[in-house]
Amino acid sequence: MKAAPFSYVRAASLADAFRLWSDAGPEAKLLAGGQSLLAALAFRLSEPSALIDISRVPELAGITQAGAAIRVGAGVTHAELGRHELVRRHVPLLADAVPLIAHAAIRNRGTVGGSLAFADPAAELPACCVALDAVVIARSAEAERRIPAARFFTGLYATALASQELIAAVEFPVARGGERSVILELARRSGDYAMAGVAARAKVSGSALADPRLIFFAVGDRPVAAQRAAAAVSGKQVTAETVVAAQAALDGELDPPADQHGSPQMKRHLARVLLGRALNRIAGIEEARAA
Amino acid sequence: MSTEVAVTLTVNGERVSRRVEARRHLIDFLRLDLGLMGSHTGCEHGICGACTVRIDGTIVRGCLVLAASLDGARVETIEGVSDAGEIRDLQDAFVARNAAQCGYCTPGMLLTAADLLQSNPRPTRAEIREHLAGNYCRCTGYHAIVDAVETVAQKRNAKA
């Protein structure tokens, strides 16, 4: 299908974007990479009066180190994120996540800010942001707000962004020594949205895990922190027994909705399998013992 | 702010200036406004890959890009890449392996395969499948397509 008619205007700067947005009113939408938005418009799931193109706003570009954080501009594409030296060195979970996001042609265009603002519960980057304790930098015409990722995703395709507020950047803490991370997902076809996935991070000494973060995606209306499963392995060696205990704890805390991929029971099963694999991978144990 | 937008861009090396409807995606612009029929309209929502073209040297889904947003961009389509002779070997291998059946996916497959071989000159079959995973062949002729790409990679490496 074709999108319904709309007006188009390109912003030259952040100030320009806010001015245009204010003039265009609440029926206007921002266009960044367009990889979700333009598909939604083609289905006429959304019929905005106007698109304000922010893809060339210089303040949203680039990846820089800011103290103990890596700052990723909202306009950075998935492809740029995955190959950037600062990301590969200091936030390896993100570099590992990128190949799981859609396909090369989409990664060349889709943006980090777009993915977070869209807040698809099956998407990789929202879960990574929560697992990494990232901070979303939100900007309005008047002010800047720093929103912890764990509070940013508020529901199905819903975020803490206010009306006429946009994501300017995301700050990711630099990985500390001894910290390991992994992202795993199960999808019917490579590049599809996951049926279930997990982004996990922990400090590892020997094969004991400290401060584990286990963030599941595609099993709820937003990234889901498996706190009981994390508590079950925190401070412990990863063994067959601790994995089973964590999986049992996970079963008690996940409440996945049925979707086109399958039943809640199936999603719980997939999440259990992924948890076993993720814990073993983080502890440096190969797949053999994973559930 | 307007539902019609003036753009000037380069398409296959030629400078093009047009007024386009804001909602016009790149493939409709190429096909309907410029008469370049090599880029195919498939699903029109970013799933099938039949509309794969290059913008500023990287492959994109043409149906997920607005022509209005492309002022100053450099667009390359299968016509331009064919005329340049850049993928002659891939095209020959697709013919030799019967990797184009109905042909609908072929332009997108060729541009995606060329993109892979540029970034990874020695891909495994698994890597070829992975890179082509976003391009659907509804004839399901994937095996022949992977064969063709693998053959070209081997031939290019033998020459290098």
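Throughout this document, residue positions are counted from 1 along each chain, in the order its sequence is written. Chain A is the first chain written and ligand 1 is the first ligand written, with later ones labelled in order. Restriction of local features to residues with pLDDT of at least 70 applies here, the model being predicted, together with a cutoff of 80 or more for giving and counting side-chain atom pairs; totals for whole chains, interfaces and linings are based on all residues.

Quick look at the overall build of chain A now. Starting at the N terminus, helices and strands are each numbered in turn, a helix being any DSSP run of H or I of at least four residues and a strand any DSSP run of E of at least two. Helices and strands together make up the secondary structure of chain A, namely 12 helices and 14 strands. Computation of the radius of gyration draws on C-alpha atoms alone. For the globule rule, the value is 2.2 Å times the number of residues to the power 0.38. On C-alpha atoms alone, chain A measures out to a radius of gyration of 19 Å, which is about the 19 Å that the 2.2 N^0.38 rule sets for 291 residues. With respect to the three principal axes, the spread of C-alpha positions in chain A is 60 × 45 × 30 Å. Each residue is classified by how many other C-beta atoms fall within 10 Å of its C-beta atom, where C-beta atoms are placed from the backbone; a count of 20 or more means buried, 12 or fewer means exposed, and values in between mean partly exposed. Counting the 291 residues in chain A, one finds 51% classified as buried. Once C-beta atoms have been placed from the backbone, residue pairs whose C-beta atoms lie within 7 Å are recorded as contacts. Intrachain contacts of chain A at a sequence separation of at least 6 include 61% that bridge at least 24 residues.

Here we come to the pairing of strand 7 (residues 144-148) of chain A. When DSSP locates at least two bridges between a pair of strands, those strands are taken to pair. Bridge analysis of strand 6 (residues 135-139) of chain A against strand 7 of chain A gives 5 bridges, and the strand direction is antiparallel. Residue pairing across strands places Ala138(A) opposite Arg145(A), the latter belonging to strand 7 of chain A.

We now examine the pairing of strand 3 (residues 50-53) of chain A. In regular strands, side chains alternate between the two faces of the sheet. Residue and element names in this part refer to chain A. Here strand 3 shows a buried face lined by Ala50 and Ile52 and a second buried face lined by Leu51 and Asp53. Bridging between strand 1 (residues 7-10) and strand 3 involves 4 bridges; their strand directions are parallel. Directly across from tyrosine 8, in strand 3, lies its bridge partner leucine 51. Strand direction decides the pairing type here: strand 2 (residues 28-31) and strand 3, joined by 4 bridges, are parallel. Counted as the bridge partner of leucine 31 is aspartate 53 from strand 3. Handedness of a crossover is defined as follows: with both strands directed away from the viewer, a clockwise route from the first strand across the helix to the second makes it right-handed. Handedness of the crossover joining strand 2 and strand 3 through helix 2 (residues 37-42): right-handed.

Moving on, we get to the domain arrangement of chain A. Bring the parts together and some accessible area is lost; that lost area is often taken as the interface size. All names here are of chain A. Delimitation of the domains relies on an automatic or database domain assignment. Considered domain by domain, chain A is made up of domain 1 (7-53), domain 2 (61-173) and domain 3 (179-284). On the side of domain 2, 14 residues touch domain 1, which itself brings 11 residues to the contact. The element best represented in the side of domain 1 that touches domain 2 is helix 1 (residues 14-24), accounting for 4 residues. Each residue belonging to the side of domain 1 that touches domain 2 can be placed in one class, and the counts come to 6 nonpolar, 5 polar and no charged. Three classes are used, and their members are as follows: Ala, Val, Leu, Ile, Met, Phe, Trp, Tyr, Cys and Pro are nonpolar, Asp, Glu, Lys and Arg are charged, and the others, Gly among them, are polar.

Here we take up the interface of chain B and chain A. Residue-level contacts link 26 residues of chain B with 28 residues of chain A. Of all elements in the fold, only strand 4 (58-61), helix 4 (106-119) and helix 5 (125-131) of chain B reach the threshold of two or more residues within the side of chain B that touches chain A. Looking at the side of chain B that touches chain A, its residues break down into 10 nonpolar, 11 polar and 5 charged.

Each nonpolar core reported here comprises buried Ala, Val, Leu, Ile, Met, Phe, Trp, Tyr and Cys residues connected via C-beta atoms within 7 Å. Ranked by internal contacts, the top residues of the largest apolar core, which has 153 residues, are Ile52(A), Cys128(A), Val136(A), Val170(A), Phe216(A) and Leu275(A). When near neighbours in sequence (up to four residues on either side) are disregarded, Leu275(A) contacts Val198(A), Leu214(A), Ala229(A), Ala246(A), Gln247(A) and Leu250(A).

Residues and elements named next belong to chain B. The domain architecture assigned to chain B consists of domain 1 (4-81) and domain 2 (87-159). If you average the C-alpha positions of domain 1 and of domain 2, the two centres end up 22 Å apart. Put simply, the parts of the chain that give the side of domain 1 that touches domain 2 at least two residues each are strand 3 (52-55) and helix 2 (78-83). In terms of residue count, the dominant contributor to the side of domain 1 that touches domain 2 is strand 3 (3 residues).

Scored from 0 to 100, pLDDT reflects the predictor's confidence in each residue. Within chain B, residue pLDDT values average 97, and 100% of them lie at 70 or more. This prediction of the complex comes with two scores: 0.96 for pTM and 0.97 for ipTM.

Here the focus is the packing of helix 3 (residues 88-96) of chain B against helix 4 of chain B. All names here are of chain B. Lines fitted to C-alpha atoms define the axes, with helix axes restricted to the stretch in contact, and inter-axis angles between N-to-C directions lie between 0 and 180 degrees. Two elements in contact, helix 3 and helix 4, have axes separated by 10 Å at closest approach and are oriented at 130 degrees. Relative to helix 4, helix 3 is oriented oblique. By crossing handedness, the relation of helix 3 to helix 4 is classed as right-handed. Between helix 3, through Leu90, Gln91 and Phe94, and helix 4, the contact on the second element is made entirely by Thr106, Leu110, Ala113 and Ala114. Here the residues of the contact of helix 3 with helix 4 sort into 5 nonpolar, 2 polar and no charged. In this scheme, roughly parallel covers angles under 35 degrees and roughly antiparallel covers those over 145, while 65 to 115 is roughly perpendicular and the rest are oblique. A clockwise turn of the near helix away from the far one marks a right-handed crossing, whereas an anticlockwise turn of less than a right angle marks a left-handed crossing.

Let's shift gears to the environment of Glu4(B). Residue position: Glu4(B) is located in strand 1 (residues 4-11). Residues Glu4(B) and Arg18(B), 14 residues apart in the sequence, show an inter-C-alpha distance of 9.9 Å.

Here the focus is unusual backbone geometry. Its identity is not glycine, yet Ala119(A) carries a phi of approximately 60 degrees, on the positive side. Looking at the secondary structure, you find Ala119(A) in the loop between helix 7 (112-118) and helix 8 (124-131). Phi at Asn12(B) takes a positive value of approximately 50 degrees, unusual for a residue other than glycine. By secondary structure assignment, the location of Asn12(B) is in the loop between strand 1 and strand 2 (14-21).

Residues and elements named next belong to chain A. Strand order in the open sheet made by the 3 strands is 1-3-2, with parallel pairing throughout. Edge positions in the sheet fall to strand 1 and strand 2, since each of these pairs with one other strand and no more. Between one strand and the next, the sheet's axes are offset by a mean angle of 25 degrees, whatever the strand orientation. Set on the sheet, helix 1 makes contact with strand 1, strand 2 and strand 3; between it and strand 3 the angle comes to about 175 degrees.

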